[in-house]
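Per-entry structural report
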Amino acid sequence: MDAKLTLSFDEAIINKAKQYAERNNISLSRMVEHLLAKVVEKPYQSLEDFPIADWVRQVAEGDAIYKTKKNKKTSLEDEFFASKK
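Residues numbered from 1 in each chain as written. Predicted model: local features only at pLDDT ≥ 70, side-chain atom pairs only at ≥ 80, totals over all residues. Heavy atoms only, no water.

**Focus: the confidence of the model for the protein chain**
Definition in use: Values of pLDDT, the confidence the predictor places in each residue, fall between 0 and 100. Under the scheme used here, helices are H or I runs from DSSP no shorter than 4 residues and strands are E runs no shorter than 2 residues, and both carry numbers assigned from the N terminus.
Averaged over the protein chain, the pLDDT score is 75; the fraction of residues at 70 or greater is 66%. At the low end of the mean pLDDT range in the protein chain sits helix α3 (residues 52–61), at 58; at the high end sits helix α1 (residues 11–23), at 89.

Structural data, given as structure tokens:
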């Protein structure tokens, strides 16, 4: 079951993360969820212990399975043009 969470980040980081997520066809929520799952799955003593390379490799090469949504704008455009036929 999904639950909502409000987080605050530097605006530049948010913009870069959104661009990254879009390029990789994943929602920002799922990307953050994946990263948090990796952090809590092992008893890391600090963030410095967290193996950054592991999640970069998984996100880049894809052992993980991500749920993605169809682009809402495209869906509305398709619906509009279909109604004009």
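Let us keep going from here.
**Overview of a nonpolar patch on the surface**
Test applied: Patches draw on residues past 30% relative accessible area with no salt bridge. Two like charges within 9 Å are joined, as are two nonpolar side chains (Val, Leu, Ile, Met, Phe, Trp, Tyr) within 5 Å. Using the Shrake-Rupley algorithm and a 1.4 Å probe, accessible areas are obtained, with residue cover drawn only from the displayed protein chains. By definition, a salt bridge exists where a carboxyl oxygen of Asp or Glu is found within 4 Å of a side-chain nitrogen of Lys or Arg.
A surface patch of nonpolar side chains, about 520 Å² in accessible area, is lined by Leu 5, Leu 7, Phe 9, Ile 13 and Leu 36. Mapped onto the elements of the fold, Phe 9 is located in the segment before α1.

**Description of α1**
Count 3.6 residues to each turn of an α-helix, and residues three or four apart come out pointing the same way. As a reminder, the rule being used: One less than the residue count of a helix, multiplied by 1.5 Å, gives the span that helix is expected to have. Polar contacts, as counted here, are pairs of nitrogen or oxygen atoms within 3.5 Å of one another; within protein the pair requires one atom able to donate a hydrogen and one able to accept it, and residues that are adjacent in sequence qualify only if both atoms are side-chain atoms.
End to end, α1 covers 18 Å across 13 residues, agreeing with the expected 18 Å (1.5 Å per residue, within 8%). Looking at where α1 begins, the residue whose side-chain oxygen comes 2.9 Å from the main-chain nitrogen of Ala 12 is Asp 10. One or two positions beyond α1, positive phi appears at Asn 25, with a value near 55 degrees.

**Concerning the pattern of salt bridges**
For clarity, the cut-off: Throughout, exposure labels follow a simple rule: accessible area from a 1.4 Å probe, protein chains only, divided by the maximum for the residue type, with under 20% read as buried, over 50% as exposed, and the rest as partly exposed.
Enumeration according to the criterion identifies 2 salt bridges in this entry. Ionic pairing is found between Asp 2 and Arg 30, a salt bridge with its closest N-O pair at 2.7 Å. With Asp 2 in the segment before α1 and Arg 30 in helix α2 (residues 28–41), the pair connects residues that are 28 residues apart, well separated along the chain. Its salt-bridge partner being Glu 33, residue Arg 30 comes within 2.7 Å of it at the nearest N-O pair. Of this pair, Arg 30 and Glu 33 both sit in helix α2, 3 residues apart, which is roughly one turn of the helix. A relative accessible area of 41% places Glu 33 in the partly exposed class. Among the ionic contacts, a cluster of salt bridges with common partners joins Asp 2, Arg 30 and Glu 33.

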